[in-house]
Structure formats: structure tokens, C-alpha cells
Amino acid sequence: MPFVPLTPTERQQMLERIGVASTDALFEVIPPALRFPRIDLPPGESELETSRAVRALAARNRPATELACFLGGGVYHHFIPAAVGALASRGEFLTAYTPYQPEVSQGTLQAVFEFQSLVCDLFAMDVANASMYDGATALAEAVLMAQRITRRTRVVLGSGVHPEYRAVTATYLGDEAAELVVTPLEERDGALREGDPAPLVDERTACVVVQQPSFFGALADWTALRQACDRTGALLVMVVNPLSLGLLKPPGAWGADIAVGEGQSLGVPMSFGGPYVGLMATRQQYVRQLPGRLAGIARDSEGRRGFVLTLRPREQDIRREKATSNICTNQALVALQVTIYLSLMGPQGLRQAAENCYQYAHYAAAQIARLPGYTVLTPEPFFHEFVVRGPRPPEEINARLLEAGILGGLPLRRLGPALADCALYCCTEMNTRAEIDALVEVLARL
Amino acid sequence: MDAASPLSRPPGLADLRQTPEPLLSELSTPDRPGIELPAPDVPRVALPPRDLLREALPLPVVGELEVVRHFTRLSQKNYAIDTGFYPLGSCTMKYNPKLNDELARLPGFAGLHPYQPAETVQGALALLAALEAALAEITGFAAVSLHPAAGAHGELTGLLIIRAYHRERGDTRRQRVLVPDSAHGTNPATAAMVGYETVTLPSDARGNVDLRALEAALGPDVAALMITAPSTLGLFDEHMLALTEAVHAAGALVYGDGANMNALLGVAKPAALGIDVLHMNLHKTFSTPHGGGGPGAGALAVTAALEPYLPVPVVRRRGDDYALEYDRPRSIGPVRAFGGHFGVLVRAYAYLRRLGAEGLRAVSEAAVLNANYLRVLLQEWYDVPYNRPCMHEVVLSGRRLKARGVRTLDVAKRLIDYGFHPPTIYFPLVVEEALMIEPTETETKATLDAFAAAMAAIAREAQEQPELLRAAPHATPVRRLDEATAARQPVLRWATPPATRE
């Protein structure tokens with residue numbers, strides 16, 4: 001039997017030591033009629049057979065990484081240095097549990113501390129946690145945190161916040177989802193514009209959430225929104241793409257009270273949606289309201305520097321129903337990938353990756369905007385995504401692109417009929433001029 | 001303080017693990033060239049206005065070889081399944097087959113974007129559908145969602161579904177959730193997150209949920225009972241069917257915490273026990289690696305009546321093809337942005353293929369056999385508070401050693417000196433000085449014997465030289481850490497390294 005190493009002799013010796021005739025005797029507490037039910041599954045396989053069968057499933061897919069990829073929308077195809085996978089797949093990291101025994105978990109704990117520090121530096125925020133499940137759940141937890149801090153329930157969401165993030169936040173809020181207010185999304189003068197959230201922020205508002213760059217790629221100045229927060233006591237929550245922060249003003253510099261983001265763009269494979277890692281940071285004064293794990297420095301009995309999980313009384317295993325969140329297992333290994341990625345890229349590498357995204361996207365947008373029948377709806381300035389209205393339904397355009405080995409933009413039909421003829425295009429440092437020219441050529445022929 | 005400075009004395013090869021590893025910020029050398037990307041081969045345009053750009057990017061600058069050595073050395077300061085026996089109760093630290101990692105990293109999986117058109121991801125969708133079907137068959141439920149990112153996330157999803165179910169029936173009075181005193185802390189934390197009031201149920205003298213207390217607590221204001229089967233005491237409740245029948249008779253639902261499913265594979269189907277919603281920890285029972293604290297995956301199984309409420313999107317078969325379906329008006333909504341932890345799910349699927357139907361039962365039988373073997377070997381040295389056959393884990397009490405001034409924490413730390421990862425300690429809360437030991441099915445008898453011998457030796461040491469235990473561990477990268485000071489004066493990040501100005 002795979003993975004069960006006991007020999008028949010050993011099994012017999014163990015049963016005798018326990019004082020039972022067979023393993024069945026250990027299960028007598030299970031109601032007899034329900035004990036050992038038939039499981040209708042195929043027989044087990046050898047490693048070779050399973051390898052063959054699962055590889056065959058993989059071969060039925062056409063991965064974005066092997067196409068010219070212009071698909072984004074919160075998940076991005078970026079360069080991942082080889083050392084990230086090589087180091088993060090070491091068994092000592094991969095097969096350890098949550099570091100409950102710090103003396104034998106210093107590797108994981110120091111890496112978590114470094115992750116927290118890197119997120120703080122990238123975000124220009126005071127304190128970051130050890131990770132959340134993904135960007136969307138990080139936002140949902142940020143909103144819950146803002147409600148705890150302000151003891152208010154109303155939440156203003158910018159229409160530039162990723163629709164999937166807004167939906168997950170609504171799921172988490174449950175009854176209080178009724179208190180969610182979303183700013184209008186308007187098309188004016190040939191441009192898609194997010195309504196200004198500032199006028200919606202009032203004395204009942206726990207927080208206002210904006211995304212930079214927006215889901216549609218746009219960049220905005222949030223100075224006036226910060227002032228509206230100062231006037232009303234609402235918190236400013238920002239959703240950011242951490243890779244863009246190689247170039248863009250960080251949430252701390254905008255005056256964000258809580259900043260969250262999806263760490264996938266920092267060295268994590270797209271992997272059909274996960275696992276990813278939610279980044280979450282806040283001001284020092286709110287640290288005890290942060291959900292999730294925190295690693296901190298501690299000294300051992302000989303005065304050496306070490307690391308422990310700390311400020312534990314916020315957590316479910318200590319506080320039970322009074323915890324800041326139920327989160328327990330989160331994304332340590334993915335956070336490690338982000339930590340390794342950032343340490344390899346350094347400030348120059350990250351800045352260059354962000355700038356290349358920007359340059360390729362602007363080249364592509366300019367070429368597409370020149371085509372008859374196509375309009376770029378995302379106004380300048382934008383980062384590396386832009387909305388394109390085309391002459392045909394985007395699904396049809398994408399089918400034609402796919403024949404040419406190109407993965408087209410994300411159709412926006414699910415956002416409503418006004419955007420049914422639109423798609424969200426993305427460029428990263430992985431694209432080349434040749435790919436963009438090929439894209440434009442196919443689009444021109446439609 | 002000599003040891004704090006790596007250069008104050010030459011470490012020697014054997015001593016390397018004890019040498020403090022500098023932080024990345026301490027390894028940073030400004031102006032050292034880092035990773036270079038090719039310059040974009042398109043005409044450059046002007047950057048956004050300056051007030052949208054950052055002024056400085058204060059990240060460490062470390063060369064590639066230094067990065068490789070840094071993280072390799074850090075890894076060597078970790079204990080892991082790959083390095084030794086890890087009997088951490090309730091965590092099911094079984095062998096994580098290497099094939100599964102290799103398969104999850106195939107470009108045909110790892111290179112997929114979640115928004116790709118369905119026709120380009122048929123293999124991935126077929127895998128998800130097959131994994132859902134296999135988990136439904138193993139647990140006896142009608143439908144499975146693979147979206148939850150972890151066990152606690154599965155609990156959240158499950159309780160949101162239970163609330164939606166009651167609401168839709170117009171039953172809005174149900175504001176309480178019953179949680180046994182032996183439950184994981186996530187259970188009451190989740191109930192509170194969903195807005196329920198939790199009511200704690202006591203355990204009886206045999207380690208079951210107190211049936212009379214349950215009956216007294218049930219009423220038209222109770223939404224659900226959250227029950228862990230087998231319980232965190234490593235015991236299968238002797239009144240399981242009576243419990244679930246009583247809950248249903250009161251119009252409430254039964255939430256099953258499946259963290260301990262490793263005892264029940266092919267042994268009993270939780271749906272047949274009267275559970276309505278069950279989460280499974282794929283990073284426990286189904287062998288996916290825990291990664292030092294995630295990513296996990298908390299698959300959620302539900303009865304047919306609860307299927308409409310599952311998170312969107314769901315995988316649907318249409319003829320020979322699969323598609324993702326978003327239009328499900330009764331769904332609680334999405335619980336994560338892009339479906340589940342696909343890379344984890346690939347691993348669990350490969351594991352299930354290896355086991356097959358008969359392998360599942362063999363896993364649970366061996367897991368239960370190993371736990372009972374340790375129970376019998378250790379009962380001479382430690383108290384077994386509920387001494388009846390246990391399931392996949394055994395809970396001991398170290399209260400006997402208290403007379404010598406030795407606590408369970410000291411036993412745990414001393415085990416590290418013997419080369420073992422300690423069991424879970426001080427949990428469940430209902431056992432004094434608890435030691436919760438889960439050997440799993442993937443260990444040899446020789447390993448179990450060696451562990452038992454170490455536990456016995458430590459019990460003897462507790463009598464003869466208790467100070468040895470109180471000062472343990474002795475040979476780790478760091479000794480016992482001062483957690484109290486760390487919490488009073490938290491240092492949660494390094495001092496920001498010198499900024500690289502653009």
C-alpha cells in the first residue's frame with residue numbers, strides 16, 4: 001500500500017501490544033451499520049501511472065505562459081527568477097508546520113519577519129502581517145478591521161476596486177453588506193471614469209476603499225480623498241498592485257490607514273487562481289486590530305536574536321470567539337516566494353519590471369487606439385492595463401486571437417451590458433514588441 | 001553576547017546551525033547591481049506625473065548567491081517532515097509525496113491564468129471536477145466546493161451557507177451556535193465572525209459531548225452545532241447519531257470540522273453520521289505540504305439541500321466539456337477572488353489517485369493503529385485521561401510530572417533535544433497539561449518505538465534531573481525565547497535600509 005510502511009509482522013506485534021486481535025477492534029465505536037462503507041473509487045495507482053494520467057490532464061490545457069498573454073485583471077504573467085522556485089521548494093520550508101515551536105522553526109520565522117519588513121518598505125507603512133489568503137480576503141478583513149476601529153458600519157467602495165474583491169467583501173460582510181456603497185462608473189468623453197468617492201464619505205463611514213491602479217488600469221490622485229477622511233474620521237483603505245510600487249507612489253505616502261494587495265505579481269506562478277498571498281499593512285496604532293499572524297524579534301536565554309509569533313492574544317487559538325479573525329493557516333510558503341523574489345529583484349529590478357510593464361502597455365494601447373473600430377477607454381495616466389472597446393464581441397475577438405497563439409484581454413460582459421463589447425488588456429515585462437505587433441495585426445483584420 | 005555576532009569567533013562546520021543568520025537588510029550593499037531585465041524594445045513614453053510616482057524604494061540590495069545562501073541557511077534552521085518525525089496533534093503531518101509537487105509545477109497547470117477561456121483549460125477543469133467527485137464519494141455528500149483557502153476559511157464558508165439556508169426559510173431567530181469545549185479555536189472565532197453568539201458545551205467523563213447539555217441548549221434560537229469528528233481528544237463520540245438527530249429535531253444543522261478526517265477514510269462517511277456541512281483540510285488528510293503555515297486548502301462538502309448556496313463559480317459539465325458557472329442566484333457569493341488553491345488541489349488529486357478506494361481505508365487503519373500503539377506504550381509514563389481506544393491521535397496529560405516542577409512545555413522542549421518535533425501542547429483545553437500526539441500512517445514502527453523510548457526517558461529525567469527539562473532545548477539554533485518581552489515591546493520589522501533614490 002502506498003505511503004504505509006508497516007510490515008505484516010510489525011502490524012501483528014503492535015496489535016498484540018495493544019491487546020486487540022485486529023484493527024477492526026479499534027473501530028467498534030463507529031455505528032456498525034455505517035462502519036467501513038463501500039467507497040466507489042478506482043483502485044490505487046503506481047507513481048508512474050498517476051504521473052502519466054495527471055500529465056495527460058496538464059497537456060489538455062494551453063497555458064498563458066506559452067501564449068502571447070494580454071490577460072490580467074488581478075493576476076499577472078511576470079518574470080520569476082529561477083532561484084525563487086529552487087529555494088522555496090526545499091523540503092525544510094515546504095514540509096514544516098506553522099512555527100509553534102520557535103526553537104526548531106527559526107528559518108520560517110525569520111523569513112516571515114523579513115516578509116513583513118519588505119511589505120512595510122514597499123508599501124511605506126508601519127506594520128504588516130504574515131499574510132492573508134489572497135488580495136480579496138485581505139480587503140474583506142481590512143474592511144472588518146476598519147469597522148472594529150471606528151465602530152461604524154458604512155463602507156464606500158470605489159468602482160475601480162476589482163469586482164471580485166468587492167464581491168468577496170460583500171460575502172464576508174454578510175448582513176452588513178447592505179452598508180456597502182459603490183461609486184458610479186461613468187463613460188464620459190470617450191473615457192471610463194470612476195466617480196469621486198470623496199462626497200460619499202461621511203461621519204457614519206467606517207472606511208473608503210480605492211484601488212490604485214484601478215481594475216481598469218487608471219491612476220488617480222487621492223489627496224482630496226485623504227482630506228475627506230480627515231474631516232469625517234473615516235479610514236482610507238487602499239488596494240494596490242505591489243509590483244506597480246516599483247514605480248508608483250506607495251499607499252503610505254497617500255496616507256492610507258490600511259493597505260492591502262495581491263502578492264501574486266511578486267514571483268508567484270498564476271497557477272489557475274492560486275495559491276496566492278494577501279499582503280496587509282497598517283499604521284502602528286492599529287497593530288492590535290490586525291488579523292493574522294505576526295512574527296517579532298525575541299532574545300533567547302543566552303541573549304541571541306531569534307524570532308517568535310507574537311501579539312498572539314489577537315488570535316483564534318487564544319481568544320476564541322473574541323479573536324480579530326478566525327484565520328489560522330495562511331500563505332507562509334507563498335509569502336516566502338515573495339520574500340525571495342523581492343530580495344533577488346532589489347529596488348532596481350522591481351523598478352525596471354514596473355517600468356517595462358508601463359512602457360509595453362502604452363505602446364500597445366497607442367497601436368490599438370489607432371485601429372478603426374477600436375477605442376481605448378481607460379484615460380491617461382494608466383499603469384499596465386487598459387479597456388478596449390472593439391468592433392466585435394470580445395469573446396469572438398479572443399477566439400480569433402487564440403488561433404494566432406495570442407491570449408486576448410478579459411471580456412468585461414460580467415460587469416454589465418454597457419461593457420459587453422469591451423475587454424481589459426494587460427501588458428507586462430514578459431511581452432515583446434513582436435507579440436504586440438502580432439496582436440495589433442490580428443485586431444486590424446477583424 | 002559573543003554569540004550574537006557571527007564574526008566574533010569562527011563558527012566551525014558543525015556549529016553553523018547555531019550561527020545567527022543576518023537579516024536581508026543587514027546583507028544589503030547599496031549600489032551592488034541586482035537582477036537586470038532587458039530594456040523594453042518599444043519607443044518609450046513619458047512616465048506618469050511625478051506626484052503619482054514614488055520618491056524612493058528602500059528595498060535591500062543583495063546578490064543572487066548571497067540570496068541563495070541566506071535562504072538555504074534559513075531552511076536549515078527548520079524542523080520539517082522531510083527531516084524527522086513530526087507528531088503534532090490535529091495537524092496530520094504525514095509524508096508529502098514528491099510526485100505531487102512535481103505535477104503541480106507542470107507548466108500546463110502552473111502557467112494557467114484563472115481567466116483563460118474555458119476551452120483552453122479543459123484539463124484543469126476536469127481535474128477539479130474529478131477531485132470534487134472523489135471527495136464527495138469519500139464523505140458521502142452531494143456536492144463539494146474547492147474554493148476555501150484553509151480549514152478556517154472552510155468553516156467561514158460553511159457557516160455563511162448555514163445562515164443563508166435558515167434565512168431563506170424565513171427562520172431568522174437562529175442566532176446561536178453550539179461549540180463543544182474541546183473544539184479548535186477557529187470554531188468559536190468563525191461563529192463570531194459570521195455574527196453568531198457561541199454557546200460552549202461541556203464534555204462528559206468519557207470525552208464525549210455532554211448529550212444532556214446539548215439537549216438543554218437546543219432550541220428555536222440555535223442555528224448549528226459545530227462538531228469535530230473524531231474530536232480533538234482523538235475520540236469518536238459514542239453518541240454521534242443521537243447528537244446529530246437531536247440537532248436536526250430542533251431544526252438546526254450540524255457543521256462538521258473535518259480536521260481529523262484522517263481517522264475516517266473508508267471507515268465512516270460523515271454525511272451518514274448526520275453532518276450537513278463538512279470542511280476537510282487537504283493539507284492534513286490529503287497530504288499536501290503545509291509550507292510552514294500554508295497554503296492549505298479547506299474543501300467544503302454539503303448535502304443536496306445546501307448545494308445551491310455554494311460559493312461561485314462552480315465547475316459544470318456540459319456534454320464532454322467543462323465550464324465555470326457564475327450565475328447562481330442563491331450562492332453566498334465568492335469567498336476568494338480566483339477560485340481555490342489550484343496548486344494545492346492538484347497535489348491532493350494525485351494523492352487520491354495513488355491511494356484508490358482500498359488505500360484510503362488502509363491509511364486510516366494504520367493511522368489509528370499507530371496512535372493506539374503509542375497510547376499503550378506511553379501510558380506507563382503519562383496519564384491517559386480518557387483511556388479507551390483512540391482514533392488517529394492520542395491525548396496524554398503530563399500532570400504527573402508537576403510534582404517535580406516539570407510542565408508539559410518542558411517535556412516538549414526536551415523532545416527537541418532527542419531529535420523529535422514536539423506534539424501539540426496545552427490543547428485541547430479540557431485536558432490538564434495536555435500532550436496531543438498524532439503519529440500518522442506514514443511512519444515506521446522503528447520511529448514510533450524510538451519516540452516512545454524518548455518520551456519514557458524524559459519522564460525518568462523529570463524525576464531525576466528536572467532542571468535538564470526546564471532548560472531544554474540545548475542544541476537548537478536558539479534556546480528558549482523570551483516571548484513575554486517580545487510581546488510587550490514588539491519589533492515586527494527591521495529598520496528600513498538606506499533608500500535607493502531614483
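The rules we used
Residues numbered from 1 in each chain as written. Chains lettered and ligands numbered in written order. Predicted model: local features only at pLDDT ≥ 70, side-chain atom pairs only at ≥ 80, totals over all residues. Helix = DSSP H or I, 4+ residues; strand = E, 2+ residues; numbered from the N terminus. Buried ≥ 20, exposed ≤ 12 C-beta atoms within 10 Å, placed from the backbone. Domains from an automatic or database assignment. Contact = placed C-beta atoms within 7 Å. Nonpolar A, V, L, I, M, F, W, Y, C, P; charged D, E, K, R; others polar. Pairing = 2+ DSSP bridges. Axes fitted to C-alpha atoms, helices over the stretch in contact; angles between N-to-C directions. Parallel < 35°, antiparallel > 145°, perpendicular 65-115°, else oblique. Left-handed = near helix turned anticlockwise from the far one by under 90°.

Student: Honestly, the overall build of chain A in this entry has me stumped. Any pointers?
Tutor: Looking only at helices and strands, chain A has 13 helices and 17 strands in total. Out of the 446 residues belonging to chain A, those deemed buried represent 62%.

Student: Is there a simple way to explain the domain arrangement of chain B in this structure?
Tutor: By a frequent convention, interface size equals the accessible area lost on bringing the separate parts together. All names here are of chain B. Along its sequence, chain B is carved into domain 1 (99-354) and domain 2 (360-487). On a C-alpha basis, the centroid separation for the pair domain 1 and domain 2 is 30 Å. Listed by partner, the interface residues are 19 residues for domain 1 and 19 residues for domain 2. Grouping the amino acids of the side of domain 1 that touches domain 2 by side-chain chemistry returns nine nonpolar, eight polar and two charged.

Student: Quick question: what am I supposed to make of the interface of chain A and chain B here?
Tutor: The interface of chain A with chain B comprises 170 residues on the first partner and 174 residues on the second. Here the element with the most residues in the side of chain A that touches chain B is helix α11 (residues 332-369) of chain A; it accounts for 21 residues. Counted by class, the side of chain A that touches chain B contains 85 nonpolar, 51 polar and 34 charged residues.

Student: Is there a simple way to explain the sheet that holds strand β6 (residues 253-258) of chain B in this structure?
Tutor: Strand pairing in a sheet relies on backbone hydrogen bonds. The paired strands run either parallel or antiparallel. All names here are of chain B. Across the sheet, which stays open at both edges, the seven strands sit in the order β2-β8-β7-β6-β5-β3-β4 with mixed pairing between neighbours. In this open sheet, the two edge strands, each paired with only one partner strand, are β2 (143-145) and β4 (197-201). For this sheet, the mean inter-axis angle between neighbouring strands, taken without regard to orientation, is 20 degrees. Its contacts with the sheet put helix α5 (residues 122-139) on β2, β7 (277-280) and β8 (300-302), and the angle it makes with β2 is roughly 125 degrees. Along the sheet, helix α6 (residues 151-168) contacts β2, β5 (222-228), β6, β7 and β8; its crossing angle with β7, the most-contacted strand, is approximately 165 degrees.

Student: Got a minute to help me understand the packing of helix α5 (residues 106-123) of chain A against α11(A) in this structure?
Tutor: Helix-helix packing is described using two parameters, namely the angle between the two axes and the distance between the axes. Residue and element names in this part refer to chain A. The N-to-C vectors of α5 and α11 enclose an angle of 60 degrees; their axes lie 9 Å apart at closest approach. Taken together, α5 and α11 sit at an angle that is classed as oblique. Remark: the crossing between α5 and α11 carries left-handed chirality. In this structure, α5 uses Thr-108, Ala-111, Val-112, Glu-114, Phe-115 and Leu-118 to contact α11, whose residues at the interface are Ala-332, Ala-335, Leu-336, Val-338, Thr-339 and Leu-342. Residue composition of the contact of α5 with α11, by class: nine nonpolar, two polar and one charged.

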